[in-house]
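Chain residues, written in single-letter form:
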Protein chains: 2
Amino acid sequence: MADKEISQAVIGRLPRYFRYLGDLKEKGVERISSQELSDIMKVTASQIRQDFNNFGGFGQQGYGYNVNYLYDEISKILGIDKQHSLVIIGAGHLGKAIAGYTNFTRRGFVFKGAFDCNPELYGTKIRDVEVRPVDEMEEFVKKNQIEIAVLTIPKEQAVPMAHKLAECGIKAIWNFAHVDLEVPNNIQVENVHLSDSLMKLSYNINRYENT
Amino acid sequence: MADKEISQAVIGRLPRYFRYLGDLKEKGVERISSQELSDIMKVTASQIRQDFNNFGGFGQQGYGYNVNYLYDEISKILGIDKQHSLVIIGAGHLGKAIAGYTNFTRRGFVFKGAFDCNPELYGTKIRDVEVRPVDEMEEFVKKNQIEIAVLTIPKEQAVPMAHKLAECGIKAIWNFAHVDLEVPNNIQVENVHLSDSLMKLSYNINRYENT
DNA sequence: TTATAATTGAGAATTAATTAACAATTTAAG
DNA sequence: CTTAAATTGTTAATTAATTCTCAATTATAA
């Protein structure tokens, strides 16, 4: 498809729309106007309409948006109408936290394997998945055509690991290591740099105190 | 101070500069030009200079930037030259992962307390800190003048907890619950919405495949 | 059936962010 | 000491993002 490129600013807002629409759906709300949604979400109605229009417009003049339809359309755009297989590399607390987060399962992310380099963890289970030696990762990923690798390992190990992952055909890396990975551009990387986030918080504490 | 407001776009880039400068410092690099930094970080030299200029400019024409000085200045801007006390509310895997992340300690974030509502966890230790019943949180936060609360609890509990925290004088909330908190604006909130991040990744996988 | 109110989609206007350009300054070499 | 090269800080230009406006459309009430 020769769609025009959608800005990451817009993409970054979609999950939040999705979350609010899910809440509305649960409450049994059938339709909503950009203005009502604006009031709830504290963003401008104009931005809401502009954002949805990037994808062709899901509303109807004089009516607003159908909550269920809009919800489904956004889930398609985000690609969470399909299943995605994932493995977790690094079976520490963070890896376990992520594996155990049932919300991901609900969104179609299927936890298929866990790897670590600590022999004490081999054979232990996270949910119903056995932790394996990290040497077995490549074969496992290839054989099971895993799409996403979650990197919850120290930054020194993350860079060579990303290389290996690239070689065995991974599609995407969800990177929790505090380092920028360099991978070929057919591989999608999403970074979660927790310390960056904490520093922003620190900045804002500081800023407020000096005002 | 009547500083002009710095955009969050700029603030969001500071931790990354800080990280790269830390690496350079460790390597013993003493000076660096915006062009060299640009090559390493893959952002434009112009943006680097513009960003630093928001704070008055830390460089010298014909010389560039002194790595140590720049590092220290950014750490002051981010407020990580001072210590910040924090408590973790929710002693599950995610809470433990964060408590155990030694990098935070290195940046002056001091882990002072952990709370949970699961009686089985009472008295168990995370690092050298005992997990206490969540009912004791308010008293503890007041008494010890805790600045930051890390919320690693389910979203249903997060909203009332944020209210309680507001009442006992917390300065900031680092929120991992998948909900938008409403607190008075003297309290800083930084959200880490992991599922939003994963959905962005999913979008980008999708986009690449349909190109 | 008609008129009125509601509401989107789309284009225009505005504001914000990024990049380019270059004078002023400093370093460093001859 | 003089000159050439390097490099910032700053202003201008450009691009991107957001907000405003309103014609076109639909729902709803009379």
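*Asks:* Hey, could you go over the relation of the copies chain B and chain A for me, with residue numbers and the actual values?
*Replies:* With an RMSD of 0.0 Å, the fit of chain B onto chain A corresponds to turning through 180° and sliding 0.0 Å along the axis. Both copies of the chain, as the preceding transformation shows, are related through a two-fold rotation axis. Within chain B, B:His93 has its C-alpha nearest the rotation axis, a separation of 2.5 Å. The share of interface residues of chain B whose copies in chain A are also at the interface is 100%, consistent with both copies meeting through the same surface.

*Asks:* Go over the protein's contact with DNA strand C with me, naming the residues and quoting the values.
*Replies:* The environment of DNA strand C is made up of 24 residues, and the closest members are A:Ser34, A:Asn53, A:Gln61, B:Gln50 and B:Gln61. Among all atoms of DNA strand C positioned within 4 Å of the protein, those belonging to sugar or phosphate total 63%. Taking A:Gln50, its side chain carries an N or O atom lying 3.4 Å from a base oxygen of DNA strand C. B:Thr44 has a polar side-chain atom sitting 3.1 Å from a phosphate oxygen of DNA strand C. The set of elements that each furnish at least two residues to the surface near DNA strand C consists of helix H3 (45–53) of chain A together with helix H3 (45–53) of chain B. The element that contributes the greatest number of residues to the surface near DNA strand C is H3(B), accounting for four residues. Residues of the surface near DNA strand C, tallied by class, amount to three nonpolar, 17 polar and four charged.

*Asks:* How would you sum up the layout of surface pockets? Please name residues and give values.
*Replies:* Each pocket or cavity is described by its volume, and for the second largest pocket that value is around 790 Å³. Lining the second largest pocket are 36 residues, and of these A:Leu94, A:Thr152, A:Ile153, A:Pro154 and B:Tyr101 sit closest to its centre. The set of elements that each furnish at least two residues to the lining of the second largest pocket consists of helix H5 (93–99), strand S4 (109–116), helix H8 (155–167) and helix H9 (194–209) of chain A together with helix H5 (93–99) and helix H6 (102–106) of chain B. With six residues, the single largest contributor to the lining of the second largest pocket is H8(A). Along the lines of polarity and charge, the residues of the lining of the second largest pocket split into 18 nonpolar, 12 polar and six charged.

*Asks:* Residues and numbers for the packing of aromatic side chains, please.
*Replies:* Following the criterion strictly, the structure yields 18 aromatic pairs over all chains and no others. Relative to A:Tyr65, the ring of A:Phe52 has its centre 5.4 Å away and its plane inclined at 75°; by these criteria the two rings are edge-to-face. Taken together, the residues A:Phe52 in helix H3 and A:Tyr65 in strand S2 (residues 65–66) connect sequence positions 13 residues apart. Per residue, the accessibility class of A:Phe52 equals that of A:Tyr65, and both read buried. In this structure an aromatic cluster arises from ring pairing among A:Tyr17, A:Phe52, A:Phe58, A:Tyr65 and A:Tyr69. Looking at B:Arg31, its charged tip hangs above the ring of B:Tyr63, at a distance of 4.4 Å from the centre.

Thresholds applied
Per chain, residues are indexed from 1 in the order of the written sequence. By the order in which they are written, chains take letters starting at A while ligands take numbers starting at 1. In view of the model being predicted, local features appear only for residues whose pLDDT reaches at least 70, and side-chain atom pairs are presented and counted only at 80 or more, with totals across whole chains, interfaces and linings using the full set of residues. Values reported for side chains reflect all heavy atoms of the structure, with hydrogen atoms and water molecules removed beforehand. C-alpha atoms of residues with pLDDT of at least 70 in both copies form the basis for the least-squares superposition of the copies. The contact definition used throughout considers only heavy atoms, calling two residues in contact when any of these lie within 4.5 Å. A cutoff of 4 Å decides nearness: a residue is near a molecule or strand if any of its heavy atoms lies inside that distance of it. In protein, a polar contact requires one atom able to donate a hydrogen and another able to accept it; more generally it is a pair of N or O atoms within 3.5 Å, and residues adjacent in sequence count only if both atoms are side-chain atoms. A run of H or I in DSSP counts as a helix once it spans at least four residues, and a run of E counts as a strand once it spans at least two, with each numbered from the N terminus. Nonpolar residues are Ala, Val, Leu, Ile, Met, Phe, Trp, Tyr, Cys and Pro. Charged residues are Asp, Glu, Lys and Arg, and all others, Gly as well, are polar. A cavity here means a set of points on a 1 Å grid, drawn over the protein atoms and nothing else, where a 1.4 Å probe fits but cannot get out; a pocket is an open set with protein on both sides within 12 Å along at least five of seven lines, and a residue lines either one if it has an atom within 4 Å of a point. Grid points are joined across faces, edges and corners, and a volume is the space filled by probe spheres set on the points. Put simply, two rings from Phe, Tyr or Trp (the six-membered ring, in Trp's case) pair if the centres are within 6.5 Å, and we call them stacked under 30 degrees between planes, edge-to-face over 60, tilted for the rest. Here's how the labels work: a residue is buried when its accessible area is under 20% of the maximum for its type, exposed when over 50%, partly exposed in between, all with a 1.4 Å probe on protein chains only. Criterion for a charge above a ring: Lys NZ or Arg CZ within 6 Å of the ring centre, and within 35 degrees of the ring normal.

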